[in-house]
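Inside the fold
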Amino acid sequence: MHADPKGVLTGVHFLDGDHACCEGTLAAGARFAAGYPITPSTEVVERFASRIPTVGGIFIQMEDELAASIAIQGAVWAGAKAFTVTSGPGFSLMMEHIGLAAMTETPCVFVDVQRGGPSTGLPTLPGQADMMQARWGSHGDYGIIALCPNSPQECFDLTIQAFNLSEEFRVPVMMMMDECVGHMTEKVVIPEPDQIEITPRRYTKLPPEEYRPFEPREDLVPDMARTGEGYRFHITGLTHDERGYPNMSVETQDRLVRRLLAKLNPLANGRSLCETENLEDADVVVVSYGITSRVAQRAIQLARSRGIRAGKFRLITAWPFPAERIRELAGRVKAFVVPELNLGQMVLEVERAAAGQAKVIPVSHAGGTVHNPDTILNAIVEAAR
Amino acid sequence: MTPTTLEIPDGAQNPVEPFLRMDRMPHIWCPGCGIGTTVNCFTRALLDSKVNLDKVAIVSGIGCTGRVAGYARLDSFHTTHGRAIPFATGMKLANPELQVVVYSGDGDLFAIGGNHFIHAARRNMDLKVICVNNMTYAMTGGQSSSTTPAHVISATAPYGAFEPTFNLVALAEAAGASYVARWTTYHVKQLSRSMEEVLHKKGFCFIEVLSPCPTLYQRRNKMGDGLDAMKYYKQASKIRNGAPTGECTLSKSGEIVVGKFVDRDRPDYLELLRAQMTEALGERYVESEASCSC
């Protein structure tokens, strides 16, 4: 299905990442946003508030992030595509509702424009230290998808992907931006609506008397029903059976929670998004994402000019982590260098996947600015030795 | 004592059964609990109001009353603790055709969820909020809530509660609710009528229902069983429609002022939104569709 032309601002634009993300939500078909102001993410919903009255939809500024992150879920069950936007402390407040969305299989998008933490941290400066929180922040076992754009163009493109993936897998999808990507202004090309592929929500075709809200299809994802159409379905954050009814049995818990994770398996490797360069002959592979990947790009160029066979592996899908691809590379490279604006988060995944086959060298940074390319270069040089 | 058995004749049916998920019975509520009584009143209100039940959604938070959504044969949502109102807000705005009812307890709506209550009332969001007030956190074992009156013993106030309480009806009025009423589970006719009334009233409507918790609240305070609670409600209640809500504070064993206190017309959130956008944007304003084509 193609994008609804009403939301698509076709043309060549000069936009920052936050604004481009907003245009992505509109192109993806989002017609409901709830937000609460927080730097450096607010521009996304500010633009949505300005655009949506002439597109047709709702923006509401809620009283806090708890409210924003569940208002979107009410909107989804009423039939809308919906999202919220936040940063640092607000992302922490949203954790319970990320768990609710995972448990009730509510397709929705959470945009986190990362800033320095912990706590109030560095409100106006970049960080990438919410990566583990995005994956594990709510209690219990569940799966999510997280995407990491590194340019305003990708903020647009990946936001559409985020909505599409949320509909396909019925999981909350995190857009893991950072302050730099959110606030940098670059060329953004928005295509014609018929060039934008949209994944429609999969509603049940069964009559109400036959419909079971959590009966999975073969791909382990159940079909949805829309409120107000006579299905009289029940949705709960309690452990539930296929009818959606609470069920406290060990068997139901096991069946449900395992399915919540297993349904994402197709994404983990074959379909994970990444950008690679020079992996064929690489001795050292730099694994990076978001703004750090642009600094890493420079470091890789410098290394190549010195005759070091450096390759690039940019994570676009951070979660599910593409472990098999890293494992395969680990068998034939000397080392991975993993720069990130945190004290070591995704590097733990690289280590796990490499499983001792190759060295894994973190290049940590507490946040507040980006790396100096020389720091990453030095790590590459060291690794190549 | 010989046990009493009740023979249910073949074909007999409680008139509220079509509104309940009978495949989920028996429910979890204790003998003497008032929540079931309020559900009975609610189903009768739905029946009498002749609203299209396919368009009614019910949203609950967490707690004993939070289980109501799960028993109602409607599109029903059992959300997180305290957050039924913002979930309902999103639902209502994404599809204004829906009649969205929030059904939850005092702990859920006024302690953890208090912020959402006042803001939804301020916005005059078109939601019907029913609060079953048993003055305790019953699901977790009878701890103090923001409505537990002074001197009451609770699991977390073993020497007696002493914090000032919220007067829910005054709070609702002050925050901007269009409709405010209070009844007890003794006043089944009046409660049913109030519930029916709000199903036809636009804007933020609030009904508080005092309801007994014999298992925890009453047992700990030697206040007898469910029947004793009914006797107390009957004896202590005074119907004063239109009473100033500030005079309707509740206490452990004092007078209970019940009635409809507020019934006023204020433009609701969507009316205000439409008016402002039309003023600012004129014909460029595109009203939100009932729900998107996605």
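Cut-off values and rules
- Each chain carries its own residue numbering, running from 1 in the written order of its sequence.
- Both sets of labels track the order of writing: A upward for chains, 1 upward for ligands.
- Reporting in this predicted model follows two pLDDT cut-offs: at least 70 for local features of residues, and 80 or more for side-chain atom pairs to be given and counted; totals over whole chains, interfaces and linings ignore these cut-offs and use all residues.
- By convention in this description, side-chain values take in all heavy atoms of the structure and omit both hydrogens and water.
- Runs of E in the DSSP output that reach at least two residues are strands. Runs of H or I that reach at least four are helices, and both are numbered from the N terminus.
- Throughout this description, buried means an accessible area under 20% of the type-specific maximum (1.4 Å probe, protein chains only), exposed means over 50%, and partly exposed covers the range between.
- The Shrake-Rupley method, run with a 1.4 Å probe sphere, supplies the accessible areas, and residue values consider only the shown protein chains as cover.
- Counting rule applied: Lys, Arg positive; Asp, Glu negative; His and chain ends not counted.
- By convention, the point assigned to a charge is CZ for Arg, NZ for Lys, CD for Glu and CG for Asp.
- For two strands to be treated as a pair, DSSP must find no fewer than two bridges joining them.
- When the strands point away from the viewer and the connection leading from the first strand across the helix to the second strand turns clockwise, the crossover is called right-handed.
- Two residues qualify as a contact provided that any one of their heavy atoms is within 4.5 Å of a heavy atom in the partner residue.
- Between N or O atoms, a polar contact is any pair within 3.5 Å; within protein, one atom must be a potential hydrogen donor and the other a potential acceptor, and residues adjacent in sequence are included only when both atoms are from side chains.
- To obtain an axis, a line is fitted to C-alpha atoms, over the contacting stretch when the element is a helix, and the angle between two such axes runs from 0 to 180 degrees between their N-to-C directions.
- Orientation categories follow fixed angle ranges, with anything under 35 degrees roughly parallel, anything over 145 roughly antiparallel, 65 to 115 roughly perpendicular, and all other angles oblique.
- Residue polarity is assigned by list, with Asp, Glu, Lys and Arg as charged and Ala, Val, Leu, Ile, Met, Phe, Trp, Tyr, Cys and Pro as nonpolar; anything else, Gly included, falls into the polar class.
- The span one expects for a helix is its residue count, reduced by one, times 1.5 Å.
- By arc we mean the arc of the directions from the helix axis to the C-beta atoms, nothing more.
- By buried area we mean how much accessible surface two parts lose on assembly, using a 1.4 Å probe and totalling the loss over both.
- Just to be clear on terms, a salt bridge is a Lys or Arg side-chain nitrogen sitting within 4 Å of an Asp or Glu carboxyl oxygen.

1. Considerations on the overall build of chain A
- When helices and strands are counted, chain A shows 13 helices and 16 strands.
- With the C-alpha coordinates of chain A rotated into their principal frame, the extents come out at 70 × 50 × 40 Å.
- Residues counted as buried form 65% of the 385 residues belonging to chain A.
- Accessible area of chain A: about 13200 Å², with a carbon and sulfur share of 51%.
- Of the charged side chains in chain A, 36 are positive and 47 negative, and the gap between their average positions amounts to 4 Å.

2. A short note on the pairing of strand β2 (residues 30-35) of chain A
All names here are of chain A.
- Across the six residues of β2, six count as buried, placing the element largely inside the fold.
- With three bridges joining them, β2 and strand β4 (residues 81-86) adopt parallel strand pairing. Across the sheet, residue alanine 33 finds its bridge partner in β4, namely phenylalanine 83.
- Taken together, β2, helix α2 (residues 43-55) and strand β3 (residues 58-61) form a β-α-β motif whose crossover is right-handed.

3. Topic: unusual backbone geometry
- Look at the link from glycine 117 of chain A to proline 118 of chain A: it is a cis peptide, with omega at 0°.
- With respect to the helices and strands, the residue proline 118 of chain A is situated in the loop between β5 (108-116) and β6 (122-126).
- The omega angle of the peptide bond from tryptophan 319 of chain A to proline 320 of chain A is -5°, so this bond is cis rather than trans.
- With respect to the helices and strands, proline 320 of chain A occurs in the loop between β14 (317-319) and α11 (323-330).
- Phi is positive for alanine 355 of chain A, which is not a glycine, with a value near 50°.
- Even without being glycine, lysine 222 of chain B reaches a positive phi, approximately 50°.
- Following the sequence through the fold, lysine 222 of chain B ends up in the loop between α8 (214-220) and α9 (226-236).
- A relative accessible area of 78% places lysine 222 of chain B in the exposed class.

4. Topic: the environment of serine 144 of chain B
Residues and elements named next belong to chain B.
- Mapped onto the secondary structure, serine 144 falls in the loop between β4 (127-133) and α6 (168-175).
- Through-space distance from the C-alpha of serine 144 to that of tyrosine 217 is 9.4 Å; in sequence the pair is 73 residues apart.
- Residues in contact with serine 144, not counting those within four places in the same chain, are Tyr137, Ser154, Thr156 and Ala157.
- Side-chain polar atoms of serine 144 contact the side chain of serine 154, separated by 2.6 Å.

5. With respect to the sheet that holds strand β16 (residues 359-364) of chain A
Residues and elements named next belong to chain A.
- Pairing is mixed in the open sheet, where five strands are placed in the order β11-β13-β12-β15-β16. For this open sheet the edge positions go to β11 (274-277) and β16, each flanked by a neighbour on one side alone. Put simply, the sheet's adjacent strands are angled 20° from each other on average, direction ignored.
- Sheet topology note: the strand β15 (residues 335-340)/β16 ladder contains six bridges and is parallel.

6. What about the packing of helix α5 (residues 114-123) of chain B against α6 of chain B?
Residues and elements named next belong to chain B.
- Two elements in contact, α5 and α6, have axes separated by 8 Å at closest approach and are oriented at 45°. Comparing their axes, α6 and α5 come out oblique. Within the contact between the two elements, α5 uses Phe117, Ile118, Ala121 and Arg122 and α6 uses Leu171, Ala172 and Ala175.
- Looking at the contact of α5 with α6 residue by residue, the classes come out as six nonpolar, no polar and one charged.

7. Thoughts on helix α8 (residues 250-262) of chain A
All names here are of chain A.
- With 13 residues, α8 ought to run about 18 Å at 1.5 Å a step, and its terminal C-alpha atoms sit 18 Å apart, in line with that.
- The set of residues buried in α8 consists of Thr252, Leu256, Val257, Arg259 and Leu260. All buried residues of α8 fall inside an arc of 160° around its axis, so they share one side. Away from the buried face of α8 by more than 90 degrees, exposed residues Val250, Glu251 and Arg258 are located.
- Buried residues in α8 make contact with α4 (88-104).

8. Topic: helix α10 (residues 291-305) of chain A
Residues and elements named next belong to chain A.
- Counted at 1.5 Å a residue, the expected span for α10 with its 15 residues is 21 Å, and the 22 Å between its end C-alpha atoms agrees.
- By the burial criterion, the buried members of α10 are Ile291, Thr292, Ser293, Val295, Ala296, Ala299, Ile300, Leu302 and Ala303.
- Looking at the packing, one finds that the buried side of α10 touches β8 (172-178), α7 (179-183), β12 (284-288), β13 (310-315), β15 and α13 (373-384).
- In the stretch just after α10, glycine 307 is the one whose phi turns positive, near 85°.

9. Description of the interface of chain B and chain A
- Facing 49 residues of chain B, the contacting portion of chain A comprises 49 residues.
- In total, chain B and chain A occlude about 3900 Å² of area from one another, counting both sides; carbon and sulfur atoms represent 59% of this.
- Along the contact surface separating chain B from chain A lie two salt bridges.
- In this assembly, chain B and chain A are joined by 21 residue pairs in polar contact (both at pLDDT 80 or more).
- At the level of secondary structure, the elements contributing two or more residues to the side of chain B that touches chain A comprise α2 (68-71), β2 (75-78), α3 (84-94), α5 and α10 (269-281) of chain B.
- Here the side of chain B that touches chain A takes seven residues from α3 of chain B, the largest share from any one element.
- Two elements, strand β10 (residues 234-236) of chain A and β2 of chain B, share three bridges in a ladder whose sense is parallel.

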